[in-house]
Amino acid sequence: MNNQKQQKPTLTGQRFKTRKRDEKERFDPTQFQESIVQGLNQTGTDLEAVAKFLDASGAKLDYRRYAETLFDILVAGGMLAPGGTLSDDMTRTEFCLFTAQEDLETMQAYAQVFNKLIRRYKYLEKGFEEEIKKLLLFLKGFTESERNKLAMLTGILLANGNISASILNSLFNENLVKEGVSAAFAVKLFKSWINEKDINSVAGSLRKVGMDNRLMELFPANKRSCEHFSKYFTDAGLKELSDFARNQQSIGARKELQKELQEQMSRGDPLKEAKQPTRERRLAGCCAGSGFNDGLLPPQIIAFTREEMKKANLSEQAMISIIWTCVMSSVEWNKKEELVTEQAIKHLKQYSPLLKSFTSQGLSELSLLLKIQEYCYDNIHFMKAFQKIVVLLYKADVLSEEAILKWYSEAHLAKGKSVFLEQMKKFVEWLKNAEEESESDEEEAD
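Here's what I pulled together on the structure shown here. (Residues numbered from 1 in each chain as written. Predicted model: local features only at pLDDT ≥ 70, side-chain atom pairs only at ≥ 80, totals over all residues. Heavy atoms only, no water.)

## Here we look at the nonpolar core
Logical step 1: With 78 residues, the main nonpolar core has Phe190, Trp193 and Leu206 as its most contacted residues.
Logical step 2: Considering each element in turn, this core owes the most residues, nine residues, to helix H8 (residues 181–196).
Logical step 3: Those residues within four positions of tryptophan 193 in sequence are excluded, and the remaining contacts are Gly155, Leu158, Ala159, Ala165, Leu168, Val202, Ser205 and Leu206.
Logical step 4: Counting residues in each nonpolar core, the second largest holds 55 residues, with Leu314, Met319, Trp324 and Val327 among its members. (Core = buried A, V, L, I, M, F, W, Y, C linked by side-chain atoms within 4.5 Å. Buried < 20%, exposed > 50% of the residue type's maximum accessible area, 1.4 Å probe, protein only. Helix = DSSP H or I, 4+ residues; strand = E, 2+ residues; numbered from the N terminus. Contact = heavy atoms within 4.5 Å.)

So, in structure tokens, the structure goes:
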């Protein structure tokens, strides 16, 4: 047997050359730019001709590879260097957005050029949005007139849905904000956007991308207040944007307050015995099974809530709605209908002093009644608990006869109307009779 190690076979011969189609093409936008610039120079200011030229050129030129170069030329006349200056070593055109007339009608015509181009070549969508983000970061490198034109164009594109409102992130750049460029640009942008649509459409687009609560960031930290924002944009003729921002600020404050209040309740902050309610116990025999024991007063929560209500400039009606939501969210409710009512009564006894502290007005009481009705309707296990909750809060001086009677006769919601009115019928009759007896006693005393 031959124990000698056999030599492994080897491949020999000529190496294959890389196929031309597999070679990576070197990025060289020079020739591409010259082709686009030459075409724009020939079409001039005729934007219909420009749109047709761009449509036809997409079949011959590599738009996918040179998208940034293409958009730079259409906006600024040539390729942009970092910072927003035009590259000196390349051919430029005078027929672009930045050299166009500064008016809304012209900007609308340019928006149509971009719209047609992107509809024809869908793959340019992402590149176009990236281009707008980049241009916003380059704002300091442009003249005021160029910024104005870009702002108007951007507003129109946002209104038409060509780009997402997320591009506004670029305006929160620290340097742009510090020098007031962002706020001034935003004025022109929102004016053209609202001109194309309306404030409700603008608000919807901002909410969709989480920008609705970030508009204050257009200003430096020391000027980031609702008052400054409101004055700046109202003076600029954008009161609807000021009102929207103020409303968003209020909503944000409510959410923060609700979150903090829920945390305090869930922590079980120290509670203190409450004073006895002042209402007379004249309900003996009526609505059995919903007797009242003195509740517990959480003084820290009440003090905190009053302070935050003042800070956020909230009405008592808004505050009682928040409190109700927090109180009902601080417990994990039993899924059995027969047990949840008992659980709710016990829980609400504890927090009735808190509710009472924020129902000093008739409108606040009605607001609370409507919240209770809505809650019991939306949470099916509470459908039969409505009357007992109302009676409990009446006994605790949270709800008055007047508020309950007004709710019953005219101020109730449509949600579960027949069920809840039927539940309250006996108690409302009792209230009316008690009121009549009281009036009769007063007349006899006179």
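And the narrative resumes.
## Notes on the pattern of salt bridges
Pairing between side chains of opposite charge can happen when their charged atoms approach one another.
Logical step 1: In this structure the tally under the stated criterion is 16 salt bridges.
Logical step 2: Residue glutamate 179 is joined to lysine 140 by a salt bridge in which the shortest nitrogen-to-oxygen separation is 2.9 Å. A residue pair is termed long-range when its members are at least 10 positions apart, and glutamate 179 in the loop between helix H7 (174–178) and H8 and lysine 140 in the loop between helix H5 (124–137) and helix H6 (144–159) qualify at 39 residues.
Logical step 3: Residues aspartate 235 and lysine 231 are paired through a salt bridge, measuring 2.8 Å at the closest nitrogen-oxygen approach. Taken together, the residues span about one helical turn, with aspartate 235 and lysine 231 both in helix H10 (residues 226–235) at a distance of four residues.
Logical step 4: For lysine 231, a relative accessible area of 54% puts it in the exposed group.
Logical step 5: Within this structure, Glu68, Asp72, Glu131 and Lys134 form a network of salt bridges that share partners. (Salt bridge = Lys/Arg side-chain N within 4 Å of Asp/Glu carboxyl O.)

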